[in-house]
Amino acid sequence: IIRGSIPTNYRRGEKIMKLLINEFIKDYKKKTTWLYFLLSFGIILLNSYFTKRQFEDGIDAVKILSGITVVSAALAMVFSLIMLANNLSQEYSKGTIKFLYTRPKSRSAILTAKIVLAFINYIIFLVVGTVFDFLTKYYVFFDRKVGLNHLNDTIEEGYFGRTVAKQLIITNLADLAVFIFFVAMVVLVCVVFKTQILSLVLVMLSLLGTGLIQSLTIFAVSKFSWAKYHMFDVPLFSSYYASEAGRHTVKEFFKFDNANALIIMLVAYSVVFFTISYIVNARRDITID
C-alpha cells in the first residue's frame with residue numbers, strides 16, 4: 001500500500017503543479033493583470049505623496065517604514081481576489097470548464113490550482129508593491145532618509161514596543177490569515193453562483209461592505225453578545241495585531257477579550273466555505289456539448 005501510494009500522490013502533485021503553471025501563464029498573459037500593477041503603483045505613489053505632506057514638519061522614518069506594507073497588502077488582497085473570482089467564474093461563463101473537465105484531471109485538482117495561484121498572486125503583488133513603495137519613498141519622496149537601517153529600531157509608542165521588523169512580520173502574517181478567509185469566501189461565491197458579473201459584484205460588496213457591517217455590529221453587540229460572531233468580523237483579527245489602538249477597538253467596541261475567538265471564527269468559516277465549495281464543485285453536472 002505504501003509503495004503504491006507514493007507514486008499516486010506524486011502524480012497527483014505533478015498534475016496540480018502543471019495546472020498551476022498553466023493558470024499562472026494565463027494570468028500573466030492578460031492585459032488586466034498588468035493594469036492592476038499599474039493601478040497599484042499609482043495608488044502607492046499617491047499615498048506616498050500624502051505621507052510626505054503629513055511629515056512636512058519632520059520625518060519619522062521609523063513610523064513610515066513600519067507601515068511600508070499597509071497599502072501594498074490591501075491592494076494585493078483586492079486585486080488577487082478579483083483575479084481569483086475572474087479565473088473561477090470565467091470558466092463557467094465562457095464554457096471553458098467543459099473542456100477542462102474532459103481532460104484527465106480531477107475537479108478538485110483544478111480548483112486547488114486556482115486557489116494556490118490566488119496566494120501566489122497575493123505574494124507577488126505584496127512584494128512588488130512593497131519594493132516599489134520603499135524605492136519611491138527612499139529615492140523620490142524622503143531623499144534616502146527612510147532606509148532599511150531602521151528595521152531594528154523600536155517604534156516609540158502604540159505598537160506594543162515592537163521593532164519595525166517585528167511589526168512588519170506580525171501584521172503581514174495576520175493579513176495573510178485574513179486573506180485565507182477571503183479566498184474561501186470568494187471561492188464559495190464563484191462556485192455557487194458561476195456567473196462572472198454576479199460573482200465579481202458579490203465579491204466587491206463583501207470587501208467594501210465589511211467595514212459598514214462591522215459598524216452596525218457595534219450597536220448590535222451592546223444588546224446581543226452573540227452578534228459579534230458573524231463572518232464579517234473575521235478581518236478584525238488583523239486589526240487586533242496591527243496596533244494598540246486597533247486592539248483597544250476590538251476589545252472595547254466589538255467585545256472580543258482576546259484573539260482566540262477570532263482565530264476560531266477564521267478557521268471555522270474558512271473550513272466550512274472550502275468544504276462546501278469542493279463538494280458543490282465535485283457534484284455539479286456539466287453538460288459537454
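Residues numbered from 1 in each chain as written. Predicted model: local features only at pLDDT ≥ 70, side-chain atom pairs only at ≥ 80, totals over all residues. Heavy atoms only, no water.

### Quick word on the packing of helix α6 (residues 107-141) against helix α11 (residues 260-283)
- Taken N-terminus to C-terminus, the directions of α6 and α11 make an angle of 135°; their axes are 9 Å apart at the nearest point. Comparing the axis directions of α6 and α11 gives the class oblique. When you trace α6 past α11, the crossing you get is right-handed. Of α11, the residues touching α6 (which contributes Arg107, Ser108, Leu111, Thr112 and Ile115) are Phe274, Ser277, Tyr278, Asn281, Ala282 and Arg283. (Axes fitted to C-alpha atoms, helices over the stretch in contact; angles between N-to-C directions. Helix = DSSP H or I, 4+ residues; strand = E, 2+ residues; numbered from the N terminus. Parallel < 35°, antiparallel > 145°, perpendicular 65-115°, else oblique. Left-handed = near helix turned anticlockwise from the far one by under 90°. Contact = heavy atoms within 4.5 Å.)

### Quick word on the environment of Ile120
- For Ile120, the position within the fold is in helix α6.
- A relative accessible area of 29% places Ile120 in the partly exposed class.
- Taking the C-alpha atoms as reference points, Ile120 and Phe24, 96 residues apart in sequence, are found 8.9 Å from one another.
- Once residues lying within four places of it in the same chain are set aside, the contact partners of Ile120 are Leu20 and Phe24. (Buried < 20%, exposed > 50% of the residue type's maximum accessible area, 1.4 Å probe, protein only.)

### Points about unusual backbone geometry
- The backbone of Arg144 shows a phi angle near 65°, a positive value even though the residue is not glycine.
- Its location among the elements puts Arg144 in the loop between α6 and α7 (164-193).
- Judged by its relative accessible area of 55%, Arg144 is exposed.
- Residues other than glycine seldom take positive phi values, yet Lys255 does so here, at roughly 65°.
- If you trace the backbone, Lys255 turns up in the loop between α10 (244-252) and α11.
- Using a relative accessible area of 40% as the deciding quantity, one classes Lys255 as partly exposed.

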